[in-house]
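# Close look at the chain arrangement
Residues per chain are reported as follows:
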Amino acid sequence: MACILYDTLSAHISGLVTDIHNTKDNAIWYKIQVEVKAVCWFVERRYSDFEALHKKLVDSQGIPRENLVLPPKKLIGNKEPQFIEKRREHLDIYLKNLMQLLGKNPPEDLAHFLCLFDYEIIYMLRKLAVDIFEKGDQVIQSGAPYVMSPYQIYAINERMKMPIPPLNSDDKRHDFSHIIDFCTRLKNLEIIGSNIPLGKSTIIANQYSMDLSPFKSLTELTLKIVNVGKLSQVGPVRHTVEKISIHNSHLDSLSELLLCDTLYKAFDDAGSVHVWPCVKWLNISNNVIKNVSDIGNLVPTLRHIDLSYNQLCTVFNVTSLPYLETISYAGNVISYVTNLHLRFGNIKSLDLSQNQIEHLDAFFKLYSLVELNLSCNRIACVEQVRHLSDLPCLEVLILTGNPVASSVDYRVRSLSYFGPRANDDKTWDIHGYKYHRIAPAVTQHRRIIFLYFQSTEWRT
């Protein structure tokens, strides 16, 4: 953590950005190393930047002193190595003396010069407060997601513990109360983490813990590239959030998310205090989940779950989720399924695309199923469609990308299994895909659509 309230701020010139024969803009750039305890970052500045800073500090802080004098300019020979090194030494002395004078409470000009607004907690939150002051109401009214990093949330958590007033600046836009009020009212939060250093610093966002307690009205929470293990508290979010999405975060168990604020992350030990009563949508695609435990007691009102692009080799039992309607297993490694009616209950939409399924006999009792996506599997025999022909509510079936689609007459043979329900004169082509309508078994006012294959010969 970089916080000048607790630790000393220091800065020195560690060298040049590049050698004197290959400098950008044909100028000499000095590399400043700024440190706050164990955290450090680098800033690139030219002599003219030092000169501009000095003029601002003279006007705003009145700092003309004998030990705060910039080295003089030199018009001829200012690219000579000896002159550059001597100027670097003098600038380093100037910077160190400046830090001794103003380092405990850096004015805004010096803070910008040292990039404190990008890395140091107090100044970083001032920058965030200005952004929220200017855009906060618009974000809340539009319902658009507001993006934060784990480091920003950590900074908010730490700032709430500090014994300093909300406004410790002359600029009222810097008032920390703007942030607290915004977090309290925010509905849609997107947290984007990172496992690489922030800018030119040693700060890695995913190494910092996050407490979501300040967010008291969230209905939608999205986590991307986040270390879920650092999610220490969720507070009121557990009782307000309706949609949770977490992607590319190497999540290997739902307990890491749903029981993130418990010591022992075991579903058997979960009680009523751990329930997420309002969650209706759970998207945990693009992670590394291999197995899913019974989560019915923790998300009792769940309606949609997306488990696509994980490492699942089998489907899990969702009969404990009475409101669940949609489930996606796309892009996993599922090859064999059995007794699906005992696992899926009243599922209406099922996506098993991009798996390794060969047989469809396990689907024949999914009487509530309306949509079934089986594209890009290993279904090679058209007779497998027979197991789906008696599903009364089925409206959409997708079989593209299977070996069976390479057969010339597979479409006609597939339709034959639906008997009088097939209406062969209702066919059309959209973007190279061939569609066919079939009258459903339940009501003549509904239509079942089969998306069979993509082929240029079917295009109109």
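Residues numbered from 1 in each chain as written. Predicted model: local features only at pLDDT ≥ 70, side-chain atom pairs only at ≥ 80, totals over all residues. Heavy atoms only, no water.

## Brief notes about the overall build of the chain
Of the regular secondary structure elements, the chain holds 11 helices and 18 strands. Buried positions account for 49% of the 460 residues belonging to the chain. Surface summary for the chain: the accessible area is close to 22300 Å², and the carbon and sulfur share equals 50%. (Helix = DSSP H or I, 4+ residues; strand = E, 2+ residues; numbered from the N terminus. Buried < 20%, exposed > 50% of the residue type's maximum accessible area, 1.4 Å probe, protein only. Areas by Shrake-Rupley, 256 points an atom, 1.4 Å probe, with all protein chains shown as cover.)

## Some words on the side chain of S353
Its place among the elements puts S353 in the loop between strand 13 (349-351) and strand 14 (371-373). A distance of 2.8 Å separates polar atoms of two side chains, one belonging to S353 and the other to D351. Ignoring anything within four residues of it in the chain, the contact list for S353 reads Y329, A330, G331, N373, L374, S375 and N377. (Polar contact = N/O pair within 3.5 Å; in protein donor to acceptor, adjacent residues only side chain to side chain. Contact = heavy atoms within 4.5 Å.)

## Regarding the packing of helix 5 (residues 121-142) against helix 6 (residues 150-159)
The interhelical angle for the contact between helix 5 and helix 6, taken along N-to-C directions, is 105°, at an axis separation of 10 Å. By the angle between their directions, the pair helix 5 and helix 6 is classed as roughly perpendicular. Of the residues in helix 6, those touching helix 5 at I121, I122, M124, L125 and L128 are Y151, Q152, Y154, A155, I156, E158 and R159. (Axes fitted to C-alpha atoms, helices over the stretch in contact; angles between N-to-C directions. Parallel < 35°, antiparallel > 145°, perpendicular 65-115°, else oblique.)

## Brief notes about the sheet that holds strand 2 (residues 29-36)
In space, the three strands of this open sheet follow the order 1-2-3, with antiparallel pairing throughout. Two strands in the sheet have a free side with no partner beyond their single neighbour: strand 1 (9-16) and strand 3 (39-46). In this sheet, adjacent strand axes meet at a mean angle of 25° when their direction is disregarded. Where strand 2 and strand 3 come together, eight bridges link them in antiparallel fashion. (Pairing = 2+ DSSP bridges.)

## Observations concerning the pairing of strand 2
Strand 2 sits mainly inside the fold: six of its eight residues count as buried. Alignment of strand 1 against strand 2, held across seven bridges, turns out to be antiparallel. Bridge pairing in strand 2 links L16 to Y30. What sits between the antiparallel neighbours strand 2 and strand 3 is a turn of two residues, in which K37 has the positive phi angle 55°.

## Description of a nonpolar patch on the surface
A cluster of nonpolar residues, V147, I192 and I225, forms a patch on the protein surface that exposes about 210 Å² of accessible area. A residue is classified by how much of its surface remains accessible, and V147, at 43% relative accessible area, is partly exposed. (Patch = residues over 30% accessible without salt bridge, like charges linked within 9 Å, V, L, I, M, F, W, Y side chains within 5 Å. Salt bridge = Lys/Arg side-chain N within 4 Å of Asp/Glu carboxyl O.)

## Focus: the packing of aromatic side chains
Tallying each qualifying case throughout the model produces eight aromatic pairs. Ring plane angle 35° and centroid distance 5.0 Å describe the contact between W41 and Y119, whose orientation is recorded as tilted. Placement of the pair is W41 in strand 3 and Y119 in helix 4 (residues 116-119), with a sequence separation of 78 residues. Between the aromatic rings of F117 and Y123, the centroid separation amounts to 5.3 Å while the plane-to-plane angle is 80°, which identifies the pairing as edge-to-face. No difference in accessibility class separates F117 from Y123, as the two residues are buried. Taken together through their ring pairs, the aromatic side chains of Y151, Y154 and Y208 make up a single cluster. Positioned above the aromatic ring of F176 is the side chain of R159, whose terminal nitrogen or guanidinium carbon lies 4.8 Å from the ring centre. Note that K243 overlies the ring of W281, its terminal NZ or CZ placed 4.8 Å from the centroid. (Phe/Tyr/Trp six-rings, centres within 6.5 Å; stacked < 30°, edge-to-face > 60°. Lys NZ or Arg CZ within 6 Å of the ring centre and 35° of its normal.)

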